[in-house]
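If you want the building blocks of each chain, they are given just below.
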Amino acid sequence: MSPNFRTLCLFLIVVIAPAAVKCDLEIGFYDQTCQGAELLVFDAVARAVNANPGIAAGLIRMFFHDCFVRGCDGSVLIDSTAGNSAEKDSPINNPSLRGFEVIDKAKAAIEAVCPKTVSCADVLAFAARDSTALTGGLNFPVPAGRRDGRISIASETFTNLPPPTFNATQLEQSFARKNLTLEEMVTLSGAHSIGRSHCSSFVRRLYNFSSTNQVDPTLDPGYATFLQSQCPFNASTNNVTVVPMDVFTPNDLDVGYYVGLTQHFGLFTSDQTLLTNSSTRPFVEENIVNPGVWAIRFAKAMIKMGKIEVLTGTTGEIRTNCRVINSAKSIGSVIDTLGHSSSKVAST
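No experiment lies behind these values; they were computed from the predicted model shown. Counting restarts for each chain: residues are numbered from 1 in the order of the written sequence. Only residues with pLDDT of 70 or above have their local features reported here, since the model is predicted, and side-chain atom pairs are shown and tallied only from 80 upward, although totals for entire chains, interfaces and linings are computed over all residues. Excluded from the side-chain calculation are hydrogens and water; included are all heavy atoms of the structure.

Q: So what exactly am I meant to see when it comes to the UniProt feature "binding site: substrate" (unreviewed entry) in the chain here?
A: UniProt positions are given in the numbering used here, feature names are shortened, and annotations may be inferred rather than shown by experiment. In the UniProt entry, the feature "binding site: substrate" (unreviewed entry) is given for Pro 162. Here Pro 162 lies in the loop between helix H6 (156–160) and helix H7 (168–176). Throughout, a residue-residue contact means that at least one pair of heavy atoms, one from each residue, lies within 4.5 Å. With near-sequence residues (within four places) excluded, Pro 162 lies in contact with Phe 64, Phe 68, Leu 171, Ser 174 and Phe 175. The secondary structure listing takes helices from DSSP runs of H or I that are at least 4 residues long and strands from runs of E that are at least 2 residues long, numbered from the N terminus.

Written as structure tokens, this is what we have:
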């Protein structure tokens, strides 16, 4: 985006039609206003991943869960209040999502040098990218310019996030609603090559699958026995036990996840269905043969996902604390934010 185009966008937003102006997210959005922003995020993520490699998976998953509910607006970061249960406290997200403290640290470091400039939504997008770089060597430029949402409702997670029980057709429909293709759905599922899951997400496959009350036949018998040893039938619903989502390379973002599917080691129904479905199986097989191609596709799919229903221009806000919406907005604060952004405004 040229400097002249940025200036034109700012003029249109402030003077003519704030709600109607459309500009693009931009690589290097903070180069002039907060040059070290991305490095500060990387530092926070690298420190966290060095202490606990599993945090990388948590941050990638958090980005996905943010973008699929109200778009990539940082709403998953907002804390619940006395009058509202926020997304992060939905049973889908709590206790499975983790890494919130990493976002807090990155945001605090940025606020110390560039106050009211970098959105929490962008911090999360950078953190997800950095997590892929640290665990899979997949480093790619992330267009920025998102602004933060002010609404976070727990119940909206149920209608927007695909559960681990979905089959391939249901997954395709869920991703299509977010303008993501079948290939991109299979590609992004590769994020399950890192991270861990609680028993509650797959225990039904171990004991009372379908009407047979037996083990899901698409599970490798030995793997099923191992999972049963970790997640007994009579385990409490509050069981905190977790198991790796990829038995081969649980800390490396790679195609080991797809290899596991061919050996019936897919932890979720939504994992194994990618192999058993005729429409998705070719993508699984291609990813195994061409890991470099998968890496490129994964980066592109992450960038595309990061553009889902973004808030830009004068919509939303720049939160100073990612857990709490700003208490008030005014014309003065909007102009102040635009000034910090040096005429860099964006939208889809």
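Resuming the write-up.
Q: Can you walk me through the nonpolar core in this structure?
A: In a soluble, globular protein the nonpolar side chains are often hidden away together inside. Buried Ala, Val, Leu, Ile, Met, Phe, Trp, Tyr and Cys residues form a nonpolar core when they are joined through side-chain atoms within 4.5 Å. Accessibility here uses a 1.4 Å probe with only protein chains present; expressed as a share of the type maximum, an area under 20% marks a residue as buried, one over 50% as exposed, and anything in between as partly exposed. Counting 72 residues, the largest nonpolar core has Met 62, Phe 63, Ile 103, Met 302 and Met 305 as its most contacted members. No other element matches helix H3 (residues 54–67), which puts nine residues into this core. Excluding residues within four positions of it along the chain, Ile 103 makes contact with Leu 59, Met 62, Leu 77, Val 123, Leu 124, Ala 127 and Cys 322. Grouped together as the second largest cluster of nonpolar side chains are 14 residues, Cys 199, Tyr 207, Tyr 223 and Leu 267 included.

Q: What am I meant to see in the pattern of salt bridges here?
A: Two side chains carrying opposite charge are able to pair once their charged atoms lie near each other. The working definition used for a salt bridge is a side-chain nitrogen of Lys or Arg within 4 Å of a carboxyl oxygen of Asp or Glu. Evaluation of the coordinates by the stated rule reveals 16 salt bridges. With a shortest N-O distance of 2.8 Å, Glu 156 and Arg 70 are connected by a salt bridge. Pair noted here: Glu 156 is in helix H6 and Arg 70 is in the loop between H3 and helix H4 (100–113), with a separation of 86 residues, a long-range link. A salt bridge links Glu 184 to Lys 304; the nearest nitrogen and oxygen atoms lie 3.1 Å apart. With Glu 184 in helix H8 (residues 182–189) and Lys 304 in helix H14 (residues 291–305), the pair connects residues that are 120 residues apart, well separated along the chain. In this structure Glu 184 comes out as buried when scored by relative accessible area, which is 15%.

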